[in-house]
Amino acid sequence: MLHVERVTKRFGGLVANEDVSFDVDAGQIVGLIGPNGAGKTTLFNCIAGYFPPSAGTIRLGAETVAGLRPEQCAKAGIARTFQIARTFVSMTAQQNVMVGALLHERSVRRARARADELLDFVDLSRAAERPAGSLTISEQRRLAVARALATRPRVLLMDEVMAGLNPSEVREAVAVVLRIRDRGIACLIVEHVLEGIMPIADRIVVLDYGRKIADGTPAAVSSDPAVIAAYLGD
Ligand SMILES: Nc1ncnc2c1ncn2[C@@H]1O[C@H](COP(=O)(O)OP(=O)(O)OP(=O)(O)O)[C@@H](O)[C@H]1O
Ligand SMILES: [Mg+2]
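The structure displayed is predicted, hence computed values, not measured ones.

Chemist: In this structure, what is going on with empty space enclosed by the protein? I would like to understand it.
Modeler: A water-sized probe, rolled over the atoms, reveals where empty space remains. Within the structure shown, the criterion is met by 1 cavity of 30 Å³ or more. Roughly 90 Å³ of internal volume is contained in the largest cavity. If you go around the largest cavity, you meet 13 residues; those closest to its centre are Arg-142, Val-145, Val-161, Ala-173 and Val-176. Residue assignment for the lining of the largest cavity shows that the elements contributing at least two residues are α5 (137–149) and α6 (167–182). In terms of residue count, the dominant contributor to the lining of the largest cavity is α6 (6 residues). Counted by class, the lining of the largest cavity contains 8 nonpolar, 1 polar and 4 charged residues. Two domains share the lining of the largest cavity, each providing at least three of its residues, namely domain 1 (1–77 + 155–234) and domain 2 (86–152).

Chemist: Sorry if this is basic, but what is going on with the site of ligand 1 here?
Modeler: Taken together, the neighbourhood of ligand 1 is formed by 15 residues, with Asn-36, Gly-37, Lys-40, Thr-42 and His-192 sitting nearest. Asn-36 is positioned such that a nitrogen or oxygen atom in its side chain is 2.9 Å from an oxygen atom of ligand 1. In this structure, an oxygen atom belonging to ligand 1 sits 2.9 Å away from a side-chain N or O atom of Gln-83. Here ligand 1, which alone exposes 640 Å², has 64% of that area covered by the protein. If you list the elements that add at least two residues to the shell around ligand 1, you get β2 (14–24) and α1 (40–47). The residue makeup of the shell around ligand 1, split by class, is 6 nonpolar, 7 polar and 2 charged.

Chemist: Can you walk me through the sheet that holds strand β5 (residues 63–64) in this structure?
Modeler: Paired through backbone hydrogen bonds, the strands of a sheet run either parallel or antiparallel to each other. Spatially, β2-β1-β4-β5 is the arrangement adopted by the 4 strands of the open sheet, whose pairing is antiparallel. The two strands at the open ends of the sheet, each matched to only one other strand, are β2 and β5. Where strand β4 (residues 55–60) lies against β5, 2 bridges are found, and the strand directions are antiparallel. Paired with Leu-60 across the two strands is Glu-63, which belongs to β5. Of the strands in this sheet, β1 (2–11), β2 and β4 are in contact with α1, which crosses β1 at around 115 degrees.

Chemist: Got a minute to help me understand the coordination of the magnesium ion (ligand 2) in this structure?
Modeler: Note on metal geometry: ideal angles are 109.5 degrees for four donors arranged tetrahedrally and 90 or 180 degrees for six donors arranged octahedrally. Every protein donor of the magnesium ion (ligand 2) is accounted for by Thr-41 (OG1) and Gln-83 (OE1), and the metal-donor separations fall at 2.0 to 2.2 Å. In this pair, Thr-41 is assigned in helix α1 and Gln-83 in the loop between β6 (78–80) and α3 (93–101), connecting sequence segments 42 residues apart. What makes Thr-41 partly exposed here is its relative accessible area of 24%.

Chemist: Even after reading the chapter, I still don't get the pairing of β2, so can you show me in this structure?
Modeler: For a regular strand, side-chain orientation follows a simple rule: the groups alternate between the two sheet faces. Here 7 bridges tie β1 to β2, and the two strands are oriented antiparallel to one another. Its bridge partner lying in β2, Lys-9 is registered against Asn-17. The antiparallel hairpin formed by β1 and β2 contains 2 residues in its connecting segment, where Gly-12 sits at a positive phi of about 55 degrees.

Chemist: Could you clarify how one ought to interpret the domain arrangement of the chain in this entry?
Modeler: Quoted interface sizes are often the accessible area lost when the parts come together. Under the domain assignment used here, the chain contains domain 1 (1–77 + 155–234) and domain 2 (86–152). Look at where the C-alpha atoms of domain 1 and domain 2 centre, and you get two points 24 Å apart. Each partner contributes residues to the interface: domain 1 has 17 residues there, and domain 2 has 16 residues. Buried surface at the junction of domain 1 and domain 2, summed over both partners, amounts to about 1,400 Å²; 64% is from carbon and sulfur atoms. Joining domain 1 to domain 2, the criterion identifies 2 salt bridges. Of the charged contacts in the structure, one is a salt bridge between Glu-117 and Arg-183, with a shortest N-O distance of 3.9 Å. Going through the elements one at a time, α2 (70–76), β7 (155–159) and α6 are the ones with two or more residues in the side of domain 1 that touches domain 2. The leading source of residues in the side of domain 1 that touches domain 2 is α6, at 5 residues. In terms of residue class, the side of domain 1 that touches domain 2 is made up of 11 nonpolar, no polar and 6 charged.

Cut-offs used in this document
Residues numbered from 1 in each chain as written. Chains lettered and ligands numbered in written order. Predicted model: local features only at pLDDT ≥ 70, side-chain atom pairs only at ≥ 80, totals over all residues. Heavy atoms only, no water. 1 Å grid on protein atoms, 1.4 Å probe; cavity = no way out; pocket = protein on both sides within 12 Å on 5 of 7 lines; lining within 4 Å. Points joined across faces, edges and corners; volume = space filled by probe spheres on them. Helix = DSSP H or I, 4+ residues; strand = E, 2+ residues; numbered from the N terminus. Nonpolar A, V, L, I, M, F, W, Y, C, P; charged D, E, K, R; others polar. Domains from an automatic or database assignment. Near = heavy atom within 4 Å. Polar contact = N/O pair within 3.5 Å; in protein donor to acceptor, adjacent residues only side chain to side chain. Areas by Shrake-Rupley, 256 points an atom, 1.4 Å probe, with all protein chains shown as cover. Pairing = 2+ DSSP bridges. Contact = heavy atoms within 4.5 Å. Axes fitted to C-alpha atoms, helices over the stretch in contact; angles between N-to-C directions. Donors = N, O, S within 2.8 Å, 3.2 Å for Na, K, Ca; no water. Buried < 20%, exposed > 50% of the residue type's maximum accessible area, 1.4 Å probe, protein only. Buried area = accessible area lost by both parts, 1.4 Å probe. Salt bridge = Lys/Arg side-chain N within 4 Å of Asp/Glu carboxyl O.

Set out below in structure tokens:
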């Protein structure tokens, strides 16, 4: 489904991603982990059209998406959440999701119906009419996921949706990710909350200084000496 092929991204002299390749299939959960500054968010920005890669290519199915603009990537089927929230705080939760739904829906009535369905899917129906800024952090993360889902993605990129959540909130977020996976959407998840991502990921890709240093099952990656040295510690 998503094919990242030899992607390099340079900012002046800084190489944020270097020759990174991996695939994510439909219905798969792939975790993207690594130290702060390893290049995880930069890779999301390349995949979702916020920057063109300096080299390499990105395909969604047979279609090359590298170099497309964000709205073109969204139309092609790539959705993302942001590490730094971009919620419209004074709009209601429902209106926030409608913004995503209006990418494809021509009618406001249908966008609202779609928003209600997705708020239910992320367990936020009761918050539909509340200003998004009044939601808890945990609720705002699920709202961001609902807004991304409203664009009808084939691939969903989630950037640290579990950061700062308490254990029961992490379990709720994990349940939402599993339901997304069960809809056949490919999930690529940047996460430092390893107790959230490790139990549910089919594969884990590890970045360090922009390069991929491991790609395998959570068990294999957790016991990989290079990953332990770079990120996991003893
Ligand atoms: N727009 C930009 N311009 C210049 N440098 C950038 C830009 N975006 C990211 N960088 C640099 O690229 C490197 C990778 O940053 P990135 O945000 O991708 O890391 P990350 O793996 O997401 O880290 P974290 O876990 O802290 O979120 C860092 O050195 C960062 O300073
Ligand atoms: Mg980041």
